[in-house]
Amino acid sequence: MASTSAASGEHPASAPAPTSSRTVLSAADIDRALTRIAYEILEANKGPANLVLLGIPRRGYPLAQRLAAKLAATDPRIEPAAITGQLDVTMFRDDLARQPTRAPQRTELPVSGIDGKVVVLVDDVLYSGRTIRAALDALVDLGRPQAVRLAVLVDRGHRELPIRADHVGKNLPTSSSEKVRVRLAEIDGPGTADEVVIEAGA
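Figured I'd write up the structure that's included with this text. A quick note: this is a predicted structure, and the numbers were derived from the prediction, not measured. (Residues numbered from 1 in each chain as written. Predicted model: local features only at pLDDT ≥ 70, side-chain atom pairs only at ≥ 80, totals over all residues. Heavy atoms only, no water.)

### So, the overall build of the protein
The secondary structure content of the protein amounts to six helices and eight strands. The buried share of the protein, taken over its 202 residues, is 43%. When contacts within the protein are restricted to residue pairs at least 6 apart in sequence, long-range pairs at least 24 apart make up 68% of them. For the protein, the accessible area works out to roughly 11100 Å², and carbon and sulfur atoms hold 51% of it. (Helix = DSSP H or I, 4+ residues; strand = E, 2+ residues; numbered from the N terminus. Buried < 20%, exposed > 50% of the residue type's maximum accessible area, 1.4 Å probe, protein only. Contact = heavy atoms within 4.5 Å. Areas by Shrake-Rupley, 256 points an atom, 1.4 Å probe, with all protein chains shown as cover.)

In structure tokens form, the structure reads like this:
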């Protein structure tokens, strides 16, 4: 016996297509990547002198805090809270006209400031490079660092500006239609497993 929808010429509502995704970094992978980056930062700086880590909201900030803790575990002269801060780049972005509802975050610098410091910008994903350009513009308003370096958990390519990371957790070739999702317990909730996921584009 034909179903009612078939008999009436109607088609059953189709279920939404499932999103294809795959995990490319687990919690353990993220931890190992941050440990390696912390060693690289100390080696490049020849020690902890004048280091400041500035995380770019939202996920760059907890990554900066984790890196600071790993630096302190390596060198007891480092006080994590004293070298870590958060740099909001919202008002320096070049896409505000298209995304006017972006909510600004707080900028919080270490008490020592950034003048004469080696500032390591920390972000979760490096993509076009436009967020980092905005971060560099924001720094100009805050002081004059001795040097600025960039540490990212994931570099997915597709650069639009001549910006390169000094420290990379994982180089992750992607297509421009794919999305890279970084999930961290500090931002996504204590029950969330740390991971990096690639979601296929439509």
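### Things to note about the pairing of strand 7 (residues 179-183)
Burial along strand 7 is one-sided: the residues Val180 and Val182 are buried and none of Lys179, Arg181 and Arg183 is. In this sheet, strand 8 (residues 195-199) lies alongside strand 7 in antiparallel orientation, the contact comprising five bridges. Bridging from a neighbouring strand, Lys179 pairs with Glu199 of strand 8. (Pairing = 2+ DSSP bridges.)

### Things to note about the sheet that holds strand 5 (residues 147-155)
The strand order across the open sheet built from five strands is 3-2-4-5-6, with neighbouring strands paired in parallel fashion. Looking at which strands have only one partner, the edges of the open sheet turn out to be strand 3 (84-86) and strand 6 (167-171). Each adjacent strand pair in this sheet contributes to an overall mean axis angle of 25°, direction not counted. Judged from the eight bridges that link them, strand 4 (residues 118-126) and strand 5 form a sheet pairing that is parallel. The residue of strand 5 that forms the bridge with Val118 is Ala147. Together, strand 2 (51-55), strand 4, strand 5 and strand 6 form the strand contacts of helix 2 (residues 27-45), whose direction differs from that of strand 6 by roughly 150°. (Axes fitted to C-alpha atoms, helices over the stretch in contact; angles between N-to-C directions.)

### Here we look at the nonpolar core
Grouped together as the largest cluster of nonpolar side chains are 32 residues, with contacts concentrated most on Leu53, Leu67, Leu153, Val154 and Val196. Among the elements that make up this core, the one with the highest residue count is helix 2 (seven residues). Ile132, Ala135, Val152 and Ile163 belong to the second largest nonpolar core, which has 19 residues in total. (Core = buried A, V, L, I, M, F, W, Y, C linked by side-chain atoms within 4.5 Å.)

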